[in-house]
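Chains, contacts and geometry: an overview
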Amino acid sequence: MAVVLITGSSSGFGLEGALAFARNGDTVYATMRDVARGGRLQQAADEEGLSLRIRALDVTQPQSFDAFIKAVVEESGGIDVLVNNAGIVRPGALEDLSEPALRLVMETNFFGPLLLTRSLLPYMRARRSGFIIMMSSLSGLAGLPGDLPYAASKFALEGATEALRHEVDRWGIRLALVEAGMYATAIFDSSMVGEALLPSDYPPDSPYRPLVASRLREVHDRRSQAFHPRIVGELFVTIAQADGKQFRWPADEVATRVLGTMLGQDDASRDQFLRMVAGADWWSEGKNHAD
């Protein structure tokens, strides 16, 4: 079975994904910034008689990535699947957001997954196989007011993943993006400490207060209709077992509808168009120069 590494596994998609892979019989390294928060995952695994390995990994500390990946590879013999799931939200209008808040979102949602992937790629290239799953969002397809940092980080992640897909396909390394609607995860709780959580929390003197408060109110009102994160956790397993031809994976009917609206081409047509523009089929075919 596969060796799977998942980030952000203390709750939500990461927790459900870790359990889903463990049920599948895979060796699971479930990582999180603070292993003290791993109690819920461990309890759920114990209740089902599942085995998994909880490890500390802070995706905003890239200097630790090389040593962490090396240790996992030495212990397990390799990593077959990487699920870059960890993410945070910082709501607000640009003028109201601090620079540290903007940078933290980009470090967590963009640079973290990209640099962790970079640390793993040499091992996957050596084995000529691997699957990298990026947890994206519909915010990576449509930027909405009050959601600028998160949308920017997911737009960046989508573009980088699409480009990387064509860089590494010659070695049998596959990539996929998961597109999800609204889910009942903790991202609107713990990840927003120190920022506006509720409409009433938003700075009263901000010229953008009516707009952002309205958006926050809408998000909170819709939480009762949110999907269960188990849907995405199980989707991770499905993707990891696929042939890699599908690039964007909608997790629910809302995501399917938005993808159909925002992206007129299906994955195969878009891929063909990008290959034509890049003129790099020779690379994907394993050649060393264009004929």
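In short, a report on the structure. From a predicted model like this one, the values you see are computed outputs, not experimental measurements. (Residues numbered from 1 in each chain as written. Predicted model: local features only at pLDDT ≥ 70, side-chain atom pairs only at ≥ 80, totals over all residues. Heavy atoms only, no water.)

**Quick notes on a nonpolar patch on the surface**
- Side chains of Phe-273, Met-276 and Val-277 sit close together on the surface and give an oily, nonpolar patch of about 340 Å² of accessible area.
- One can find Met-276 in helix α9 (residues 267-278). (Patch = residues over 30% accessible without salt bridge, like charges linked within 9 Å, V, L, I, M, F, W, Y side chains within 5 Å. Areas by Shrake-Rupley, 256 points an atom, 1.4 Å probe, with all protein chains shown as cover. Salt bridge = Lys/Arg side-chain N within 4 Å of Asp/Glu carboxyl O. Helix = DSSP H or I, 4+ residues; strand = E, 2+ residues; numbered from the N terminus.)

**So, the side chain of Asn-109**
- Relative to the helices and strands, Asn-109 resides in helix α4 (residues 99-127).
- For Asn-109, a relative accessible area of 1% puts it in the buried group.
- Looking at Asn-109, its side chain comes within polar contact range of the main-chain nitrogen of Ile-88, at 2.9 Å.
- The contacts of Asn-109, once residues within four sequence positions are left out, are Ala-86, Gly-87, Ile-88, Tyr-150, Ser-153, Lys-154 and Leu-157. (Buried < 20%, exposed > 50% of the residue type's maximum accessible area, 1.4 Å probe, protein only. Polar contact = N/O pair within 3.5 Å; in protein donor to acceptor, adjacent residues only side chain to side chain. Contact = heavy atoms within 4.5 Å.)

**Observations regarding the pattern of salt bridges**
- In the structure shown here, the tally under the stated rule is 16 salt bridges.
- A salt bridge links Arg-270 to Glu-162, with the nearest nitrogen and oxygen atoms 2.7 Å apart. With a gap of 108 residues between them, Arg-270 in helix α9 and Glu-162 in helix α5 (residues 148-168) connect regions that are remote in the sequence.
- Take Glu-162: its relative accessible area is 12%, and that puts it in the buried class.
- Here the salt bridges share partners, and the residues they tie into one network are Glu-158, Glu-162, Glu-179, Arg-248 and Arg-270.

**Let's talk about the environment of Ser-76**
- Summarising the element assignment, Ser-76 is placed in helix α3 (residues 65-76).
- Placed 49 residues apart in sequence, Ser-76 and Thr-27 show a C-alpha to C-alpha distance of 8.3 Å.
- If we skip the residues at most four places from it in the chain, Ser-76 touches Val-3 and Tyr-29.
- Within the structure, Ser-76 has its side chain in polar contact with the backbone oxygen of Gly-78 (distance 2.8 Å).

**Some points on the nonpolar core**
- Within the largest apolar cluster, 38 residues are counted, with the highest numbers of intra-cluster contacts made by Phe-21, Leu-41, Val-81, Ile-133, Val-178, Val-232 and Phe-236.
- Broken down by secondary-structure element, the contributors of at least two residues to this core are β1 (3-6), α1 (12-23), β2 (27-32), α2 (39-48), β4 (81-84), β5 (130-135), β6 (173-179) and α7 (230-240).
- Here this core takes seven residues from α1, the largest share from any one element.
- Once you skip the residues sitting within four places of it in the chain, Phe-21 turns out to touch Val-4, Ile-6, Asp-26, Val-28, Val-81, Val-83, Phe-236, Val-237 and Ala-240.
- One finds Leu-57, Ile-69, Val-73 and Leu-177 within the second-largest nonpolar core, a separate group that totals 27 residues. (Core = buried A, V, L, I, M, F, W, Y, C linked by side-chain atoms within 4.5 Å.)

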